[in-house]
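Take a look at the letters that make up each chain.
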Amino acid sequence: MNAPKKTSCCHTNNTGDTQATDGDSVICTPVAAPTVPISRLDTLWFQVAGTICNLRCHHCFISCTPENDTFKFLSLETVRRYLEESVPLGVKEFYFTGGEPFANPGMCDILAETVQYGPATILTNATLLRQKTLDRLKAINDSTPHTIEIRVSIDGYSPELNDPIRGEGSFESAMTGVENLVARGFLPIITITRTWCGKDDEVLAGFVEILRARGYEQPRIKILPLLHLGAEENRSRSYTDCERVTHEMMEDHDTSEFLCASARIVTDKGVWVCPILIDSDNARMGDTLADAMTEYPLRHNACFTCYMNGAICSNSTTSANISPMPK
Ligand code: SF4
Ligand code: SF4
């Protein structure tokens with residue numbers, strides 16, 4: 001069993017300064033945030049669809065919409081350049097996210113190229129998976145020794161629960177996508193963001209029941225914590241000043257648990273520290289992967305979510321999160 005995590009108290013303000021009380025007054029002492037070193041690059045992410053998505057989910061932590069082209073699609077040429085850069089760095093696997101990866105018309109060509117270098121995971125809302133795309137995915141999967149994982153985001157086990165967050169018709173469209181993936185031999189990881197209060201059991205049971213009814217017998221399910229960034233700040237709340245990683249919290253904490261200890265993300269504007277912080281200019285690490293191999297300070301409130309939950313973006317945060325459910 002994991003030891004309980006230390007949490008920050010309300011002694012940090014919004015700038016990361018430490019506040020000490022002295023009678024009635026508050027004394028602020030600037031303190032640098034703890035840093036996470038990067039000794040190896042295991043995982044390379046691609047912001048392949050930029051911030052462009054066919055949906056406009058109310059909890060999207062980078063506020064993706066059909067109109068948001070703050071970050072643009074990656075081209076095959078750009079991906080190829082970074083794949084080549086990744087070889088001497090020993091990258092073991094690749095992830096594609098957005099926005100909606102399949103909104104990028106080059107996604108399948110990019111995937112076909114990438115699996116020549118290693119296993120790949122695509123994070124998708126599964127609402128743009130047309131027959132031609134599905135057939136191409138199967139052909140690529142059949143032709144490579146490397147694993148292709150598809151992660152499908154759905155946030156409720158019925159239209160009534162899902163569509164208020166992800167948009168009208170998105171539940172049915174995503175479930176059809178899941179059915180079509182399963183029919184082609186994929187075992188998609190259903191990724192649910194914890195937008196509910198209370199225990200997970202009822203939600204998991206609801207998902208298992210509906211997925212089995214749609215032909216997915218042993219569904220793999222991953223629950224993600226909310227990130228209080230982007231659109232989610234309007235839907236629920238922003239981070240509080242207390243939600244911050246302090247030096248005290250990092251005592252005895254294994255820094256390898258953070259995604260940024262072994263991953264970076266490529267965008268059309270350069271390399272960022274992680275997929276969570278692409279809206280932060282100070283999370284840009286440089287133009288090349290080599291530029292990005294430096295430690296990073298955990299100065300963002302979202303780092304607190306990583307501290308509490310581990311490498312939330314990866315496929316394998318905990319074995320409990322991705323598991324075949326008992327029948
Ligand atoms: S959460 Fe995913 S599917 Fe929804 S708008 Fe953001 S990128 Fe698109
Ligand atoms: S948000 Fe998470 S992955 Fe990104 S820098 Fe902070 S701790 Fe690292």
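For the protein, the count of helices and strands is nine helices and 14 strands. Put simply, the protein has 327 residues, and 40% of those count as buried. Partitioning the contacts of the protein with sequence separation of at least 6, the portion at a separation of at least 24 is 72%.

Here we take up the site of ligand 2. As a matter of local geometry, ligand 2 sits amid 14 residues, with Leu259, Cys260, Cys274, Cys303 and Cys306 nearest to it. Broken down by element, the shell around ligand 2 gets its largest block of residues, three residues, from helix H9 (residues 302-309). Grouping the constituent residues of the shell around ligand 2 by class yields 13 nonpolar, one polar and no charged.

Another aspect to go through is helix H5 (residues 170-183). An ideal rise of 1.5 Å per residue puts 20 Å on 14 residues; H5 measures up with 20 Å between its terminal C-alpha atoms. What H5 keeps buried is the set Ser170, Phe171, Ala174, Met175, Gly177, Val178, Asn180 and Leu181. Looking one or two places after H5, you find Gly185, whose phi comes out positive at around 90 degrees.

Let us now look at the nonpolar core. Of all hydrophobic cores here, the largest spans 82 residues; its most connected members are Cys260 and Cys274. Not counting chain neighbours up to four residues away, the residues in contact with Cys260 comprise Val36, Ile38, Val273, Cys274 and Tyr296.

The next subject is the site of ligand 1. Ligand 1 sits among Cys53, Leu55, Arg56, Cys57, Cys60, Cys64, Gly98, Gly99, Glu100, Asn125, Ser153 and Arg166. Residues belonging to the shell around ligand 1 are distributed by class as follows: five nonpolar, four polar and three charged.

Most of strand E8 (residues 189-193) is tucked away, with five of its five residues classed as buried. Of the two faces of E8, the one lined by Ile189, Thr191 and Thr193 and the one lined by Ile190 and Ile192 are each fully buried. By the bridge criterion, three bridges tie strand E7 (residues 148-153) to E8 in an arrangement that is parallel. Note on E8: the bridge partner recorded for Arg151 is Ile189. Judged from the five bridges that link them, E8 and strand E9 (residues 220-224) form a sheet pairing that is parallel. Bridge assignment links Ile192 to a residue of E9, and that residue is Ile223. Note on the crossover from E8 through helix H6 (residues 201-213) to E9: the handedness is right-handed.

Below, the discussion takes up the confidence of the model for the protein. Low-pLDDT stretches of the model should not have their predicted coordinates read in fine detail. Put simply, the protein has an average pLDDT of 89, and 87% of its residues get 70 or more. Residue range residues 8-30 is modelled with pLDDT below 50. Its contacts to residues more than four positions away, or to other chains, number 35 contacts. Throughout residues 317-327 the model reports pLDDT below 50, and contacts reaching past four residues in sequence, or to other chains, amount to 18 contacts.

Within the element layout of this structure, Arg136 appears in helix H3 (residues 131-143). You can call Arg136 partly exposed: it has 16 C-beta atoms within 10 Å. Distance in space between the C-alpha atoms of Arg136 and Ala112 is 9.3 Å, their sequence separation being 24 residues.

The rules behind these values
Residues numbered from 1 in each chain as written. Chains lettered and ligands numbered in written order. Predicted model: local features only at pLDDT ≥ 70, side-chain atom pairs only at ≥ 80, totals over all residues. Helix = DSSP H or I, 4+ residues; strand = E, 2+ residues; numbered from the N terminus. Buried ≥ 20, exposed ≤ 12 C-beta atoms within 10 Å, placed from the backbone. Contact = placed C-beta atoms within 7 Å. Near = placed C-beta within 6 Å. Nonpolar A, V, L, I, M, F, W, Y, C, P; charged D, E, K, R; others polar. Expected span 1.5 Å × (residues − 1). Core = buried A, V, L, I, M, F, W, Y, C linked by C-beta atoms within 7 Å. Pairing = 2+ DSSP bridges. Right-handed = clockwise from strand over helix to strand, strands pointing away. pLDDT = per-residue confidence, 0-100.

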